[in-house]
Number of protein chains: 2
Amino acid sequence: MASGEAASTAKAKYQQIADDLASQIRTGVLAPGAAIPSEAELMERYGVASGTVRKAVAELRTTQLIETHHGRGSFVRSRPPVQRKSSDRFRRAHRLAGKAAYLAEAEQSGGKPSVNVLFVGPVDAPEEIAERLNVPVGSKVLARKRRYFRDGTPTEEATSYLPWDVVKDIPETFAENPGGGGIYARLEEHGHRLAEFTETVRARLATKAETAALALSPGSPVIHLVRDAITDAGRVVEVCDTVMAADQFVLDYRFPARD
Amino acid sequence: MASGEAASTAKAKYQQIADDLASQIRTGVLAPGAAIPSEAELMERYGVASGTVRKAVAELRTTQLIETHHGRGSFVRSRPPVQRKSSDRFRRAHRLAGKAAYLAEAEQSGGKPSVNVLFVGPVDAPEEIAERLNVPVGSKVLARKRRYFRDGTPTEEATSYLPWDVVKDIPETFAENPGGGGIYARLEEHGHRLAEFTETVRARLATKAETAALALSPGSPVIHLVRDAITDAGRVVEVCDTVMAADQFVLDYRFPARD
DNA sequence: GAGTGGTCTAGACCACGAA
DNA sequence: TCGTGGTCTAGACCACTCG
């Protein structure tokens, strides 16, 4: 029953099938959003067993060409236009104009942006956050967790952490909507004038939780960005921890050729 | 012969096996570099068929916990310390001190850095490069392609593109080793004083070619970074296109809270 | 209920690596 | 040569989705 010609051909059958389907996708024979043939159909068409077809389909899934839904089928992915995140997005001028950074950005990229505040309240500072805020690990800080969407699909999840002594006199920081210009505008109004930001960028595969939260397929990459907001006085008054679907974002930075 | 209890338990068997092995790895029962039990061994130990074991092992591979070598076995991956890339790494002071950027960096992270020049010569400018250099698509530019290693393992592959009229009078730019301070030092000596850099950061899964070049496992994420070097005169005199193994790098940026 | 993907079996043969 | 992983078969039953 087994087949002896498994790997005797130049390429594995499952790979040939995957390549064939991939080229149909790239040439537009299978358009974005279209369903690819069912596994039963593919078994018959290529004359192989179910396992082989499944492996081919799995290949297309890991290369992000399709997404599959249990009980419905597999569908060609449509790649939404990317959103750019520029280091200019925190310009004070934007804040004074009453625009939050994410809005100033998302508007440029076509989609309808929206935010969902998931949590606002005190938490014990996790280790990496505490270090950056220069407070003891486990001490009380304000966390603001929200999820960003574009055209209804989640793209990004961000949690801001602020030292308790900084926010305790700023009631707006506890509100779902901190008002025009966002948190940074409120901080500046209360004497915390922002001098610079630092951002730390990593890329990795999404965890299971992130896969669920951002509606990713398993094995999708994410960009993990951690930003410190630093005042004139040299104090870190906010750490923002962000996880983004990697295929949705491009980050832009500009920096001088310093001496 | 088939098993009806496939998904009737809370979790799939292959997932349970994967989780079991993963916890053994994380608790150190299986140390970095150690071989995990062979598939035959796992089949017997867990009382499942080969396909199930293989799926469990595949799971560990995509979560980057192990790497497998045909004919030898699967081994627990040792995660090398990450290398940081800071936006400070192009400080002019470094160049004057004769240090190339990559050396100044890699030295801080412990490993022994090395470079392999893969190609130096004229090429037709690809589209995205030509746009950035502001030259016609397909016109002649100098390409310098090299691969970076740390402790002998490849981490990064970079290609620099420079306009032909800029490099034609700078013989060092055609040499494998452009001399102390690198290409940027040579450019500055010839009147192209660098004013600023822009970097564009993307993350995605590695292509097959990148998987091979950087010795990655399939499905590994990479960071794709494109940098423009811009002179006082506002001209882009170099575009550097870099692909990095995502698990080896952290990018650091610093930027002012501009008005 | 019909159709889809998801898990699993119990084998087979092939290709690679090390002894 | 022998043990390893890689590919493949020809089925089975289960879970999800939709009409």
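In this report, we go over the structure that sits alongside the text. All values derive from a computational prediction rather than experimental measurement. Per-chain numbering applies: the sequence of each chain, read as written, is numbered from 1 onward. As they are written, the chains are lettered A onward and the ligands numbered 1 onward, keeping that order. Only residues with pLDDT of at least 70 get local features here, since the model is predicted, and only at 80 or more are side-chain atom pairs given and counted; chain-wide, interface and lining totals rely on the full set of residues. Side-chain measures were taken over the full set of non-hydrogen atoms in the model, leaving aside hydrogen atoms and water.

### Quick word on the environment of B:Val117
Residue and element names in this part refer to chain B.
Right, on to step 1. Helix and strand assignments come from DSSP, with helices taken as H or I runs of at least 4 residues and strands as E runs of at least 2, each series counted from the N terminus. Note that Val 117 resides in strand E4 (residues 113-124).
Right, on to step 2. Separated by 31 residues in sequence, Val 117 and Tyr 148 place their C-alpha atoms 8.7 Å apart.
Right, on to step 3. The contact definition used throughout considers only heavy atoms, calling two residues in contact when any of these lie within 4.5 Å. Once residues within four sequence positions are removed from consideration, Val 117 is found in contact with Lys 145, Arg 146 and Glu 176.

### Brief notes about helix H8 (residues 182-189) of chain A
Residue and element names in this part refer to chain A.
Right, on to step 1. With seven of eight residues buried, H8 is to be regarded as a mostly interior element.
Right, on to step 2. All of the buried residues in H8 are Gly 182, Ile 183, Tyr 184, Ala 185, Arg 186, Leu 187 and Glu 188.
Right, on to step 3. Directly beyond the C-terminal end of H8, a positive phi value near 90 degrees is found at Gly 191. Here's how the labels work: a residue is buried when its accessible area is under 20% of the maximum for its type, exposed when over 50%, partly exposed in between, all with a 1.4 Å probe on protein chains only.

### Overview of the packing of helix H2 (residues 39-46) of chain B against helix H3 (residues 50-62) of chain B
Residue and element names in this part refer to chain B.
Right, on to step 1. Between N-to-C directions, angles span 0 to 180 degrees; the directions come from axes that are lines fitted to C-alpha atoms, helices contributing only their stretch in contact. Where H2 meets H3, the closest approach of the two axes is 9 Å, and the angle between their N-to-C directions is 110 degrees. One way to sum up the angle between H2 and H3 is to call them roughly perpendicular. Crossing of H2 against H3: the hand is right-handed. Mapping the contact onto sequence places Glu 39, Leu 42 and Met 43 in H2 and Ser 50, Val 53, Arg 54 and Val 57 in H3.
Right, on to step 2. Along the lines of polarity and charge, the residues of the contact of H2 with H3 split into four nonpolar, one polar and two charged. When describing relative orientation, an angle under 35 degrees is termed roughly parallel and one over 145 degrees roughly antiparallel, while 65 to 115 degrees is termed roughly perpendicular and anything else oblique. In a left-handed crossing the near helix is turned counterclockwise from the far helix by less than a right angle, and in a right-handed crossing that turn is clockwise. Each residue gets one of three labels, nonpolar for Ala, Val, Leu, Ile, Met, Phe, Trp, Tyr, Cys and Pro, charged for Asp, Glu, Lys and Arg, and polar for the others, Gly among them.

### Quick look at the side chain of A:Thr200
Right, on to step 1. Looking at the secondary structure, you find A:Thr200 in strand E7 (residues 194-205).
Right, on to step 2. With sequence-adjacent residues up to four places away left out, A:Thr200 is seen in contact with A:Arg132, A:His224, A:Leu225, A:Val226, B:Arg84, B:Val250, B:Leu251 and B:Asp252.

### Some details on the sheet that holds strand E3 (residues 83-86) of chain B
Right, on to step 1. Strands were regarded as paired on the criterion that DSSP finds at least two bridges between them. As summarised here, the arrangement of the eight strands in space is E4(A)-E5(A)-E6(A)-E9(A)-E8(A)-E7(A)-E10(B)-E3(B), forming an open sheet in which the pairing is mixed. Because the sheet does not close on itself, it has two edges, and the strands there are strand E4 (113-124) of chain A together with E3 of chain B. Each strand axis lies, on average, 20 degrees off the axis of its neighbour in the sheet, ignoring direction.
Right, on to step 2. Strands in contact with H8(A) are strand E5 (140-150), strand E6 (153-163), E7, strand E8 (221-231) and strand E9 (236-245) of chain A; relative to E7(A), the strand with the most contacts, it is inclined by about 150 degrees.

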